[in-house]
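One-letter residues, chain by chain:
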There are 2 protein chains.
Amino acid sequence: MIMQTPNAFDTPAALRQKIRGGRHTGTTAGCCPGFVQANLVILPIEHALEFMTFCIRNPKPCPLLDITDPGSPHPPTWLANDGADVRTDLPMYRVWQNGKLLKEADDVTDYWRDDFVVFFLGCSFSFEEALVKANLSVRHLEEGKNVPMYKTNIPCRPAGPFQGNMVVSMRPYRPEQLGRVSEVTSRMKAVHGGPIHTGDPAAIGIIDLGQPDYGDAVSIASDEVPVFFACGVTPQNVILDCRLPGIAITHAPGAMFVTDVLNDFLTQN
Amino acid sequence: MIMQTPNAFDTPAALRQKIRGGRHTGTTAGCCPGFVQANLVILPIEHALEFMTFCIRNPKPCPLLDITDPGSPHPPTWLANDGADVRTDLPMYRVWQNGKLLKEADDVTDYWRDDFVVFFLGCSFSFEEALVKANLSVRHLEEGKNVPMYKTNIPCRPAGPFQGNMVVSMRPYRPEQLGRVSEVTSRMKAVHGGPIHTGDPAAIGIIDLGQPDYGDAVSIASDEVPVFFACGVTPQNVILDCRLPGIAITHAPGAMFVTDVLNDFLTQN
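Throughout, a residue's number is its position along its own chain's written sequence, starting from 1. Key to labels: chains lettered from A, ligands numbered from 1, both in the order written. Whole-chain, interface and lining totals are the exception, using all residues; otherwise, since this is a predicted model, local features are given only for residues with pLDDT of at least 70 and side-chain atom pairs are given and counted only at 80 or more. Values shown for side chains rest on all heavy atoms present in the structure; no hydrogens or waters enter the calculation.

Caption draft 1: Unusual backbone geometry, seen in detail. In the Ramachandran plot, histidine 192 of chain A falls in the positive-phi region, its phi being about 80 degrees despite a non-glycine side chain. One can find histidine 192 of chain A in the loop between helix H5 (178-186) and strand E8 (197-198). Residue exposure (1.4 Å probe, protein chains only): buried if accessible area is under 20% of the type maximum, exposed if over 50%, otherwise partly exposed. Histidine 192 of chain A sits in the buried class, given a relative accessible area of 2%. Phi is positive for asparagine 98 of chain B, close to 50 degrees, though the residue is something other than glycine. Given the relative accessible area of 43%, asparagine 98 of chain B is considered partly exposed. What counts as a helix is a DSSP run of H or I of at least four residues, what counts as a strand is a run of E of at least two, and both are numbered from the N terminus.

Caption draft 2: Examining the sheet that holds strand E6 (residues 149-155) of chain B more closely. Residue and element names in this part refer to chain B. The strand order across the open sheet built from 4 strands is E6-E7-E9-E8, with neighbouring strands paired in antiparallel fashion. The open sheet terminates on both sides in strands that have one partner only, identified here as E6 and strand E8 (197-198). Pairing between E6 and strand E7 (residues 165-173): 4 bridges, direction antiparallel. Opposite methionine 149, over in E7, you have serine 169 as the bridge partner. At least two bridges found by DSSP between two strands are what make those strands a pair.

Caption draft 3: Just the relation of the copies chain A and chain B, in detail. Here the copies were fitted onto each other by least squares, based on C-alpha atoms from residues at pLDDT of at least 70 in both. Placing chain A over chain B gives an RMSD of 0.0 Å and needs a rotation angle of 180 degrees, together with 0.0 Å of translation along the axis. Those values place the two copies in the arrangement expected of a two-fold rotation axis. Nearest to the rotation axis, the C-alpha of leucine 49 of chain A is located 2.7 Å from it, this being the minimum over chain A. Note on contacts: a residue pair qualifies if any of its non-hydrogen atoms lie within 4.5 Å across the two residues. Of the interface residues in chain A, 100% have counterparts in chain B that sit at the interface too, so the contact is made through matching surfaces.

Caption draft 4: Region of interest: the interface of chain A and chain B. Contacts between the two partners involve 16 residues from chain A and, on the opposite side, 16 residues from chain B. Accessible surface is computed with a 1.4 Å probe, and the buried area is the amount of it that two parts give up when combined, taken over both parts together. Roughly 1500 Å² is buried in total at the junction of chain A and chain B, and carbon and sulfur atoms are behind 63% of that figure. When a carboxyl oxygen of Asp or Glu is within 4 Å of a side-chain nitrogen of Lys or Arg, the pair counts as a salt bridge. The tally of links between chain A and chain B comes to 4 salt bridges. Arginine 57 of chain B serves as the salt-bridge partner of aspartate 66 of chain A, at 2.8 Å between the closest nitrogen and oxygen.

Caption draft 5: Structural context of the packing of helix H2 (residues 48-57) of chain A against helix H2 (residues 48-57) of chain B. The angle between two axes is taken between their N-to-C directions and runs from 0 to 180 degrees, where each axis is a line fitted to C-alpha atoms and a helix contributes only its stretch in contact. The geometry of H2 of chain A relative to H2 of chain B is characterised by a closest axis approach of 9 Å and an angle of 30 degrees between their N-to-C directions. Taken as axis vectors, H2 of chain A and H2 of chain B run roughly parallel relative to one another. Considering how the two elements wind past one another, H2 of chain A and H2 of chain B form a crossing that is left-handed. Counting all contacts with H2 of chain A, which are made through Ala48, Leu49, Met52, Thr53 and Ile56 of chain A, the residues of H2 of chain B involved are Ala48, Leu49, Met52, Thr53 and Ile56 of chain B. Broken down by class, the residue content of the contact of H2 of chain A with H2 of chain B amounts to 8 nonpolar, 2 polar and no charged. In these notes the angle categories are as follows: under 35 degrees is roughly parallel, over 145 is roughly antiparallel, 65 to 115 is roughly perpendicular, and the rest is oblique. By convention the crossing between two helices is left-handed if the near helix lies anticlockwise of the far one by an angle smaller than a right angle, and right-handed if it lies clockwise. Nonpolar residues are Ala, Val, Leu, Ile, Met, Phe, Trp, Tyr, Cys and Pro. Charged residues are Asp, Glu, Lys and Arg, and all others, Gly as well, are polar.

Caption draft 6: Inspection of the pattern of salt bridges at higher detail. Here the structure, examined in full by the defined rule, presents 30 salt bridges over all chains. When the shortest N-O distance is used, the salt bridge between aspartate 89 of chain B and arginine 20 of chain B registers 2.6 Å. Of this pair, aspartate 89 of chain B sits in the loop between strand E2 (64-67) and strand E3 (93-97) while arginine 20 of chain B sits in helix H1 (residues 12-20), placing them 69 residues apart in sequence. We classify aspartate 89 of chain B as buried; its relative accessible area is 0%. Within this structure, Arg16, Asp82 and Asp260 of chain A form a network of salt bridges that share partners.

Caption draft 7: Layout of the packing of aromatic side chains. Residues and elements named next belong to chain A. Stacked, edge-to-face and tilted labels apply to pairs of Phe, Tyr and Trp rings (six-membered ring for Trp) whose centres lie within 6.5 Å, assigned for plane angles under 30 degrees, over 60, and everything in between, in that order. Evaluated as defined, the whole model comprises 17 aromatic pairs over all chains. The interplanar angle of 80 degrees and the centroid separation of 4.8 Å between the aromatic rings of phenylalanine 51 and phenylalanine 119 together place this pair among those described as edge-to-face. Of this pair, phenylalanine 51 sits in helix H2 while phenylalanine 119 is found in strand E5 (residues 116-121), placing the two residues 68 residues apart along the sequence. Overall, the relative accessible area of 2% leaves phenylalanine 51 in the buried class. An aromatic cluster is built from Phe51, Phe54, Phe119 and Phe162, whose rings are joined through pairwise contacts. A ring is considered to have a charge above it if a Lys NZ or an Arg CZ atom is located within 6 Å of its centre and within 35 degrees of its normal. The lysine or arginine in question, arginine 87, covers the ring of tryptophan 112, its NZ or CZ lying 5.6 Å from the ring centre.

Caption draft 8: Inspection of the domain arrangement of chain A at higher detail. All names here are of chain A. The domain limits used here are those given by an automatic or database domain assignment. Here chain A is partitioned into domain 1 (12-124 + 240-268) and domain 2 (127-234). Distance from the C-alpha centre of domain 1 to the C-alpha centre of domain 2: 21 Å. Each partner contributes residues to the interface: domain 1 has 33 residues there, and domain 2 has 37 residues. Buried surface at the junction of domain 1 and domain 2, both sides included, amounts to about 2800 Å², of which 62% is carbon and sulfur. Seen at the junction of domain 1 and domain 2, the total is 0 salt bridges. Put simply, the parts of the chain that give the side of domain 1 that touches domain 2 at least two residues each are strand E1 (35-44), H2, helix H6 (234-241) and helix H7 (263-268). No other element matches the 5 residues that H2 contributes to the side of domain 1 that touches domain 2. Partitioned by chemical class, the residues of the side of domain 1 that touches domain 2 number 14 nonpolar, 13 polar and 6 charged.

Below you can see the structure in the form of C-alpha cells.
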C-alpha cells in the first residue's frame, strides 16, 4: 500500500507556493507524483566550471538537468515558469562554509550572492514512480518515510577541488524482483539510472543499514536484499570530503526542488 | 559490403601517431573500428561555462564526454593515456575568428593559448558500428565516403552567446529497417542517440540531399527514406550563426579525435 502524503494532489507551482509560505515543511518525498524533483547545489561562479565537469564525469550520482544564469535565483523556464525562486522554494537547505555545515535554514535569501550559479540534478524520486507503476513497491513510501541514504567507499572521479565518495539511496527487493528493478531504472539515466550495487552493504563500505547517514531507516524482510542507487546527496558529501573553500548551499536531504517537468519527459529524452 | 579503410586495423594510439606525423590525412571515418571518435571544440575559458551549459541543454547534438583542464592540450587519461595532444592528433582543424572561418589547418600548435579549454563530444561513428553489427549497413561506409551532413532549421536551446540551428547527419534505410535503426541508435545516448527526423528533408529545412553542407553526398535508392541524426558539427554551425566573438578551434567535419575508449563502454554507461 502506498501512503498518500498531504500534498500528493498539489500542482508543483501550488506546492512551491506552500513551501515559500511555510505551509509545507520537511521532505518532498511523495509530493506531486509524476513530476521531476531536483537536487540543488548552489556555488560561486569560480567553482562552476569545475563542478559542471564533476557532474559530466559522475553522471550517475550527478545527472545535471540544467543551471541558472549566474546571479539569477530563477530556474530555467522549462523547469518552472512561474517565477519560482530557489532561495525560498525548498523546504530545507544546508549552508556550507569551507566544507563544514554552517547551518540548516528554510530560506537562504540572506546568503544570496550575485555570483552564485544554481545546479539542478535529477533525483531518484522520479524513478520511484516508474517502480510503483511496475508493481515494484518502494519501501520508504509504504512506510511514509524519507529514503535511507548512506555514504560509501566508492570514489567519484575528481574535477578540480571536487573529490570524495559517492552517496547511495537504498530500496529493498526480493531476488525475483531484481531483474525488473534494473530494467525499469536503467531506462532513466537522467535520474541516476540502474542500481550501482546489490546485496552485501559492506562491499561498498556501509556498516549498518539501520543507521543511514541521511534520511530514515526502513524495514528489510528476511527474504529481501538491499538495492543501492547513486544519490544526488553525493555533492554534499564531496563538499565535506574535499573541504571546499568558501560558501556553498545545497538542499537538505529529501527536501527537493519540485519542478513542472513530467517524469515521462526524462524517460523519453 | 563494408570497405576497409587503410587504417582499419591500427590501434587508436598508432593512428594518432600517424596523424601527428602527417601519414594519415582526411576523414577518420572507418578508422579504428570499435573505438569512440570525438568531435572537438576548443574555446577560451571565458566561454567555457556557457558552452558547457549549451551541451547540457542540447545533449543530442552535443553529447559531452569530458573536458580538459584549462590550458592543457592533453585529453583526460580515460580518453587517451599516451600523452595524446589535441593540437596535432586530428587530421584537419578549423580555426574560427569572430564567428568566421579563418582557415583550415592540420596542426593548431601555433594558435594554442594557455586559457583554452577542450571539449570532447560523442560522434555518430560510434553507433555506425552497432548498426553494421545489426545488419543495417551504412551507405557512406559502403561507398567509402565521409558521412553527409546538413544544416537544418531546428533551433538549439541557447546558452549565453551560443545559439543557432542543429546540423544533422543522414543515412538512408528502407521503411522496414526503421524500427531496428531506432532501436539500435536510441540505446547510445552518449553518441547522439536515436533519429531526430525521418523522411521529408524539407520539413527540417534541407533543400537538396545531393548538396550536403559538410561531407559527401551518398546514393539513396528509390525504396529508401533518409534518416537524420543530430550531429557533432552543430557547434561549428552555432559559432557561425552567433558570430562568436574571439577565437575558437574545432575539428574539420569527419576528421575526428580517435580515443582509446571502446564503443561498448558508451552503450553500457
